[in-house]
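Fold and geometry: a report
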Amino acid sequence: MPQGMKAPKTHFFKDVDSMADASLMDKIVSLCKRRGFIFQSSEIYGGLANTWDYGPFGVELKNNLKRAWWASNVHQRDDIYGMDAAILMNPKTWEASGHLQSFADPFVKCPACSNFFKFDKIWDEIWNSDWCRSLVETMEGAKDTAVLIKWAKSKGKDLAPNLSLVKEPAVTISWIAELHHKFDGVNLDFKNFMGHIAASADGVSRIPCPSCGGILPDNSMPANLMLETYFGPVRETAQKVYFRPETAQGMFVNFINILDSRHPKLPFGLAQIGKSFRNEITPGNFIFRTREFEQMEIEYFVRPEESDAKLKEWIEARYQWYIDLGINKDNLRIRPHDKDELAHYARACSDIEYEFPFGWSELEGVANRADFDLKQHASFSGKDMTYYDDVSKQRFYPYIIEPSGGVDRSILAFLVDAYHEEIVRDEKRVVLRFSKALAPVKVAVLPLLRNRPEIVGLAKELSHDFKKDMVAVYDDTGAIGKLYRRQDEVGTLYCVTVDVQSLEDKKVTVRDRDTMQQERVEISQLKTYLLERLK
Ligand SMILES: [Zn+2]
């Protein structure tokens with residue numbers, strides 16, 4: 001941002017604050033810390049911006065999510081092979097993928113009006129553009145959002161027809177409300193503000209085109225979006241390498257290895273879960289957008305002529321996966337990309353979006369990448385990356401369908417979706433209604449009286465036995481009511497309580513998380529009882 005550039009002073013955000021449910025996010029962030037799901041990274045040193053650590057229950061939840069994805073996309077299919085590629089790759093990979101070119105040539109082209117802009121001067125260009133000057137002038141001293149809408153419907157239409165604010169005023173204004181909440185309405189940063197004026201339905205801050213207001217693409221990813229490091233102990237002679245910005249390339253470069261080692265027939269796919277790194281310009285919203293993140297990606301190779309049908313199949317399969325794992329389908333939608341949103345090589349793409357407290361945002365993108373990737377790697381490596389079809393006796397480049405989901409943002413969606421508050425006997429109960437597969441703890445064993453060694457002994461014995469077959473915890477650090485609350489807050493499916501009676505009748509009380517119904521169950525039948533319900 002040029003020196004001295006300040007966002008115009010306005011007071012018009014308050015009236016739309018309620019559009020973004022910031023308090024729900026606050027509650028979830030607080031619960032995650034309080035109960036040991038997610039902590040701020042290196043918090044004792046003041047943290048590191050937008051980096052988060054998964055605690056004891058967080059890592060169980062995350063592992064359960066990844067396990068469910070792997071089971072459904074690798075183990076339960078005959079046509080997909082699992083992989084785990086290295087994070088650091090030969091830098092040629094990033095030349096072929098196009099990630100490095102933009103380093104040497106940091107230009108960006110507007111897909112809507114075809115104008116080119118120098119990337120490192122883009123904010124000056126925006127600031128000096130006709131539409132920005134006009135908008136800023138309109139906003140000086142404004143007191144409500146009406147001026148934005150009015151501008152969008154009049155001058156905006158002529159000066160910046162492709163600006164999100166002009167195309168979808170209501171949606172855009174809700175992002176600004178959220179931003180305002182975060183910065184308490186003062187000293188709103190110009191880039192942040194303009195980024196949200198340009199944000200599309202996903203609420204992600206974007207760079208608006210200085211000419212037409214359209215969203216500038218990030219497929220020309222500038223190199224400062226890649227994190228660098230060095231191979232070799234002496235910096236001067238070391239090789240510069242990059243933390244991968246996506247897991248996809250690790251699969252493309254192994255295409256020939258899979259053909260030669262597994263001899264698959266089309267269609268077939270590769271699947272991988274792993275960390276990726278991007279120097280995001282605008283990280284935020286807790287674990288939604290971070291610079292270090294985990295992806296779960298599939299590269300599915302198909303005959304070009306069947307690519308449209310396969311894309312459709314994958315969009316439906318991936319949408320259904322979230323629902324099967326417990327997401328309420330009212331909070332999930334499929335949004336096909338507009339032509340001007342597509343990466344230059346992509347034929348089509350749809351996002352699976354979740355309605356977060358900060359608005360509808362992408363959980364997963366499912367794209368038809370055509371034959372771009374294999375052709376690029378063939379050209380940069382000099383290797384034959386074609387597929388030989390022994391029926392037609394022809395060689396060709398398969399098309400690639402890519403379902404690419406974010407692990408961390410899925411975790412956030414499942415947390416938001418599972419979070420429920422209800423009043424039980426005049427008290428607030430907070431419960432995370434995770435599905436059976438996702439619940440970090442399946443059963444908690446609680447002694448009713450912690451000063452009775454026989455009760456404590458029996459409870460510990462039961463929990464040790466459960467641990468062989470499921471994630472179980474033992475807790476005796478409070479009164480029973482408090483212990484139940486604590487388990488509800490982490491989404492534990494069943495609580496088993498051992499009481500005085502248990503010593504005589506060899507039965508315990510099993511409490512169901514969702515119904516809160518209690519049942520006396522014979523200790524000898526207990527494990528079978530639980531395992532049946534956990535299936
Ligand atoms: Zn443009």
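Before reading further, recall that the structure is shown in the block above.
Notes on the structure follow. Note that this is a predicted model, so its numbers are computed, not measured.

1. Comments concerning the overall build of the protein chain
The secondary structure content of the protein chain amounts to 20 helices and 22 strands. Since a compact globule built from 535 residues should have a radius of gyration of about 24 Å, the 27 Å found for the protein chain is in line with a globular shape. Looking at the protein chain residue by residue over its 535 residues, the buried ones come to 39%. Contacts in the protein chain between residues at least 24 apart in sequence constitute 65% of all its contacts with a sequence separation of at least 6.

2. Digging into the sheet that holds strand β20 (residues 494-498)
Across the sheet, five strands lie side by side as β19-β18-β20-β21-β22; this open sheet has mixed pairing. Across the chains shown, the open sheet's two edge strands, defined by having one partner strand only, are β19 (472-474) and β22 (518-522). With direction set aside, neighbouring strand axes in the sheet form an average angle of 25 degrees. Of the strand pairs in this sheet, strand β18 (residues 443-447) and β19 are connected by three bridges, and their pairing is parallel. Bridge assignment links Val443 to a residue of β19, and that residue is Ala472. In this fold helix α20 (residues 523-534) packs onto β18, β20, β21 (507-512) and β22, with an angle of close to 120 degrees to the strand it touches most, β22.

3. Quick notes on the pairing of β22
Summarising burial for β22: zero of the five residues are buried, a small minority. Where β21 lies against β22, five bridges are found, and the strand directions are antiparallel. The partner of Val510 across the bridge, within β22, is Glu519. Count of turn residues in the β21/β22 antiparallel hairpin: five residues, of which Met516 carries a positive phi of about 60 degrees.

Reading the values: the criteria
Residues numbered from 1 in each chain as written. Predicted model: local features only at pLDDT ≥ 70, side-chain atom pairs only at ≥ 80, totals over all residues. Helix = DSSP H or I, 4+ residues; strand = E, 2+ residues; numbered from the N terminus. Rg over C-alpha atoms; globule rule 2.2 N^0.38 Å. Buried ≥ 20, exposed ≤ 12 C-beta atoms within 10 Å, placed from the backbone. Contact = placed C-beta atoms within 7 Å. Pairing = 2+ DSSP bridges. Axes fitted to C-alpha atoms, helices over the stretch in contact; angles between N-to-C directions.

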